[in-house]
Amino acid sequence: MKVLAVLALVAAAAPFLRAAGQGEEGAGPLPFAVGAAPAGCDVAQGEWVRDDDARPLYQEWECPYIQPQLTCQAHGRPDKAYQSWRWQPRGCSLPSFNATLMLEMLRGKRMLFVGDSLNRGQYVSLLCLLHRAIPDGAKSFETVDSLSIFRARDYDATIEFYWAPMLAESNSDDAVVHSADDRLIRGAPMDRHCSFWKGADVLVFNSYLWWVAGDKIQILRGADNDPSKDIVEMKSEEAYRLVLYQVVRWLERNVDAKKSRVFFVTASPTHTQGKAWGDKAEGANCYGQTSPISDGSSYRGSTSREMLRVTEEVLATSRLPVGLVNITRLSEYRRDAHTQTYKKQWVEPTAEQRADPRSYADCTHWCLPGVPDTWNELLYWKLFFPSNDQVL
């Protein structure tokens, strides 16, 4: 599709347009912006609306990129309602996700997701949202070690995912064999990971889950061949702050704000404790849940507010514009959308576990199609229709 066709797509979004989102102090339009969100529109505030006509945005069986850990229907989930909820921002409406527009805007570009398995789930969701707009012979997908690459050949575009669950180098950097136990990170430098990030036109980071697996984390200081290297222990929040500062400083040195965009996706919540939404049954969690939490005012989730605060504080120091994709609160309502027990199990459940499925239910990861599709809608809005407060 040529430039005129792109302009036609933008024109179709005319009701939503005003001066495109500005960079710091009115420095000009943000790269990729074709319009802006209505004034006062906070996409993080709203409600889940059942929409059987428009949802799901794709079918599980038709998207070849979904890992078996996320294919809930293929693994026997008896209900489908979790696929049919649409996020409606309060007091405003925004353009619908348009795969062709996104691919045109990414023509000749490289988009890179960096983070953990939840970020990878969002990445796969985006591939599912885009792939139907590309002929079968014009796309490819491959994974080599920590890097997955989706190529849209007619657009000369790549959409990639790089496994770095803690952003810093760590003993969990193997994309297949890793564990959150006994976490050890390298305090500095970050050269090995960052070498894969260079040259990306759109960067989408996340990092949360692996930081809250314990109160403390070990940090390796010094190079591998440095006999003076030592290991120190630090509170997880402070270690996270240290690493996030390094990421920000790297971005400032290596990303051109006139050409590229950077986003950070906030914490994806878990639903491991039913008491958070008033279920007092012993062992209650996300297992068997088939509808969202309707009364958010009384919900008390387990998401670390301290970690959220650190994220906002550190990103606010960045001299490079960083868009915060706030998925936390809207995802906290979705106790129903996790994979539960309906996924490929790496270890066969015991007889005792099968007698009580709650004991091995996954209340962290999300079925696809599902909640990560909404995360990508938020990312789409912020990339192409940013608000004037896009920058933190």
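Refer to the structure presented above.
The structure displayed is predicted, hence computed values, not measured ones.

**Here's the deal with the sheet that holds strand E9 (residues 216-221)**
Move 1: An order of E7-E9-E10 is seen for the three strands of this open sheet, with the pairing classed as mixed. In this open sheet, the two strands that pair with only one neighbour each are strand E7 (184-186) and strand E10 (230-235). Each strand of the sheet is rotated relative to its neighbour by a mean of 35°, with strand direction disregarded.
Move 2: For E7 and E9, the ladder comprises three bridges, and the chain directions are parallel. Its bridge partner being in E9, Ile 185 is matched across the sheet by Ile 219.
Move 3: Where helix H5 (residues 236-254) meets the sheet, it contacts E7, E9 and E10, and its direction lies at approximately 110° from that of E10.

**Some details on the state of the cysteines**
Move 1: This model, assessed by the stated rule, comprises four disulfides.
Move 2: Shown here is the disulfide that connects Cys 63 with Cys 128, its sulfur atoms set 2.0 Å apart. Disulfide Cys 63-Cys 128: the torsion about the S-S bond is -85°, which places it as left-handed. Pair noted here: Cys 63 is in the loop between strand E1 (46-50) and strand E2 (85-89) and Cys 128 is in helix H3 (residues 117-130), with a separation of 65 residues, a long-range link.

**What about the pairing of strand E3 (residues 110-115)?**
Move 1: Summarising burial for E3: six of the six residues are buried, a large majority.
Move 2: Pairing geometry for E3 and strand E6 (residues 157-163), over six bridges, is parallel. Paired with Phe 113 across the strands is Phe 161, a residue of E6.
Move 3: The sheet contact formed by E3 and strand E8 (residues 202-206) spans four bridges and is parallel. Opposite Phe 113, over in E8, you have Val 204 as the bridge partner.

**With respect to the sheet that holds strand E4 (residues 139-144)**
Move 1: Taken together, seven strands build an open sheet; the order of strands is E4-E5-E6-E3-E8-E11-E12 and the sheet is mixed. For this open sheet the edge positions go to E4 and strand E12 (322-325), each flanked by a neighbour on one side alone. Here the average twist between neighbouring strands, direction ignored, is 15°.
Move 2: Pairing of strand E5 (residues 147-152) with E6, which is carried by six bridges, proceeds in the antiparallel orientation.

**What about the packing of H3 against helix H9 (residues 371-384)?**
Move 1: Running from N to C, H3 and H9 point in directions that differ by 75°, and their axes come no closer than 8 Å. In terms of orientation, H3 lies roughly perpendicular with respect to H9. Contact with H3, carried on its side by Leu 118, Gly 121, Gln 122, Ser 125, Leu 126 and Leu 129, involves Pro 372, Asp 373, Trp 375, Asn 376 and Leu 379 of H9 and no other residues of that element.
Move 2: When grouped by side-chain class, the residues that make up the contact of H3 with H9 number six nonpolar, four polar and one charged.

**Let's talk about the side chain of Asp 201**
Move 1: Positionally, Asp 201 belongs in the loop between helix H4 (191-197) and E8.
Move 2: Buried charge Asp 201 goes without a salt bridge, the closest partner of opposite sign being Lys 109 at 4.4 Å.
Move 3: Non-local contacts of Asp 201, meaning those with residues more than four positions away in its chain, are made with Phe 32, Lys 109, Arg 110, Lys 259, Ser 260 and Arg 261.

**Examining the pattern of salt bridges**
Two side chains of opposite charge can pair, provided their charged atoms sit close to one another.
Move 1: Applying the stated criterion across every chain, the model contains 24 salt bridges.
Move 2: The residue Arg 55 makes a salt bridge to Glu 377 at a minimum N-O spacing of 2.6 Å. In this pair, Arg 55 sits in the loop between E1 and E2 while Glu 377 sits in helix H9, placing the two residues 322 residues apart along the sequence. Per residue, the accessibility class of Arg 55 equals that of Glu 377, and both read buried.
Move 3: Salt-bridge contacts for Arg 77 lead to Asp 79; the nearest nitrogen and oxygen are separated by 2.8 Å.
Move 4: By relative accessible area, which is 3% here, Arg 77 ends up buried.
Move 5: Given a relative accessible area of 16%, Asp 79 falls into the buried group.
Move 6: What emerges from the salt-bridge pattern is a single network uniting Glu 238, Arg 241, Glu 306, Arg 309 and Glu 313.

Quick notes on the rules
- Residues numbered from 1 in each chain as written.
- Predicted model: local features only at pLDDT ≥ 70, side-chain atom pairs only at ≥ 80, totals over all residues.
- Heavy atoms only, no water.
- Pairing = 2+ DSSP bridges.
- Helix = DSSP H or I, 4+ residues; strand = E, 2+ residues; numbered from the N terminus.
- Axes fitted to C-alpha atoms, helices over the stretch in contact; angles between N-to-C directions.
- Contact = heavy atoms within 4.5 Å.
- Disulfide = S-S within 2.5 Å.
- Buried < 20%, exposed > 50% of the residue type's maximum accessible area, 1.4 Å probe, protein only.
- Parallel < 35°, antiparallel > 145°, perpendicular 65-115°, else oblique.
- Nonpolar A, V, L, I, M, F, W, Y, C, P; charged D, E, K, R; others polar.
- Lys, Arg positive; Asp, Glu negative; His and termini not counted.
- Salt bridge = Lys/Arg side-chain N within 4 Å of Asp/Glu carboxyl O.

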